[in-house]
Amino acid sequence: MTCPHCNAENPPGGKFCSSCGSVLETACSECGALARSDDRFCRACGQPITAAGSDAPSRQSVPTKQYTRPDIDELLSLRKLIRKEEIASKTLNQEDVDKLFG
Amino acid sequence: MSFAYRVLAIDDSPHFRILITKLLKRFGFESVETGENGKVGLQKFDTFKPDVVFLDGIMPEMDGLAVLRSIKGKNASTIVVVTSSLSERDKVLQFKESGADLYLMKPFEEAKFQEVAKKVVTILEGRSKASS
């Protein structure tokens, strides 16, 4: 997909140019009319817009999250904490053992 | 106070064998034998015929669980106190389900050992009264 602003080539399906950040255009798969990639329906024929040359449904409505390094570190530390608590819940102390043996 | 009950302690740690022998004698058990592994322990079990076995849970070659099952198969009335650092619920349950009477978690304080020893004596005395 070519950016209409800077002519940089972008992979299909993107909303913005990876080079200049402009809104990208795509072609309606029904009538071939140009549409912005964030349009949900073609202005010319009213059909839903999907990425040209692709049968895959539009992913515009799928929320995505970009994880940063601090996010990943936090998730990893949370996972460690959960694992530690799982282990602790399966281990016994003398008091637990006394109850178990009566 | 002294007790005539025979006690066998099976543990692969020489330090622990010395320690538990001292604790048992200090508590009042006069007749104490030890075994350094499961195999030797079972041989001593056959000859010494103990009333109580203090059994290590983790030992090389033959682990505590296998020794426990063998002891209970030979004489189900023998009181077996498992002495182990194993604290996983599943492992402890395996010992209980295999017939362990008590479980003393290592490391332990002498007060806790005495508490367990008192329980052992109570069980044995209760049996003596019931049979007389």
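Everything quoted here is computed from the prediction, not taken from an experiment.

Parameters at a glance
- Residues numbered from 1 in each chain as written.
- Chains lettered and ligands numbered in written order.
- Predicted model: local features only at pLDDT ≥ 70, side-chain atom pairs only at ≥ 80, totals over all residues.
- Helix = DSSP H or I, 4+ residues; strand = E, 2+ residues; numbered from the N terminus.
- Buried ≥ 20, exposed ≤ 12 C-beta atoms within 10 Å, placed from the backbone.
- Contact = placed C-beta atoms within 7 Å.
- Axes fitted to C-alpha atoms, helices over the stretch in contact; angles between N-to-C directions.
- Parallel < 35°, antiparallel > 145°, perpendicular 65-115°, else oblique.
- Left-handed = near helix turned anticlockwise from the far one by under 90°.
- Nonpolar A, V, L, I, M, F, W, Y, C, P; charged D, E, K, R; others polar.
- pLDDT = per-residue confidence, 0-100.
- Arc of directions from axis to C-beta.

Along chain B, the regular secondary structure elements total five helices and five strands. When its helices and strands are written in sequence order, chain B yields β-α-β-α-β-α-β-α-β-α. Classification of the 132 residues of chain B by burial places 37% in the buried group. In chain B, 62% of the contacts between residues at least 6 apart in sequence involve partners at least 24 apart.

A tally of helices and strands in chain A yields two helices and two strands. The proportion of buried residues among the 102 residues of chain A is 13%. Long-range contacts, defined as pairs at least 24 residues apart, comprise 11% of the intrachain contacts of chain A with a sequence gap of at least 6.

Bringing the interface of chain A and chain B into the picture now. Taken together, the contact pairs seven residues of chain A with nine residues of chain B. In terms of residue count, the dominant contributor to the side of chain A that touches chain B is helix α2 (residues 94-101) of chain A (four residues).

Here we take up the packing of helix α2 (residues 38-48) of chain B against helix α3 (residues 64-74) of chain B. All names here are of chain B. Running from amino to carboxyl end, α2 crosses α3 at an angle of 15 degrees, the nearest separation of the two axes being 10 Å. What the angle tells us is that α2 and α3 run roughly parallel. Taken as a pair, α2 and α3 cross one another with a handedness that is right-handed. Residue-level contacts link G38, G41, L42 and F45 of α2 to A66, V67, S70, I71 and K74 of α3. Within the contact of α2 with α3, the residues separate by chemical class into five nonpolar, three polar and one charged.

Glancing now at the environment of F27(B). All names here are of chain B. Locating F27 in the fold gives a position in helix α1 (residues 14-27). Taking C-alpha positions, F27 is 7.9 Å from M1, a pair spaced 26 residues apart along the chain. Ignoring anything within four residues of it in the chain, the contact list for F27 reads Q114 and A117.

A few words on the confidence of the model for chain A. Should the pLDDT be low somewhere, the predicted coordinates at that spot are not to be read in detail. Looking at chain A as a whole, its pLDDT mean stands at 76, while 84% of the residues score no less than 70. Taken together, the stretch residues 52-56 of chain A has pLDDT below 50 and engages in seven contacts with residues farther than four places along the chain or on a different chain.

Residue and element names in this part refer to chain B. Taken together, the buried positions of α2 are occupied by G38, G41 and F45. Mapping the buried residues of α2 onto a view down its axis gives an arc of 55 degrees, with all of them on the same face. Exposed positions of α2 whose direction lies more than 90 degrees from the buried face are Q43, D46 and T47. In the stretch just after α2, K49 is the one whose phi turns positive, near 50 degrees.

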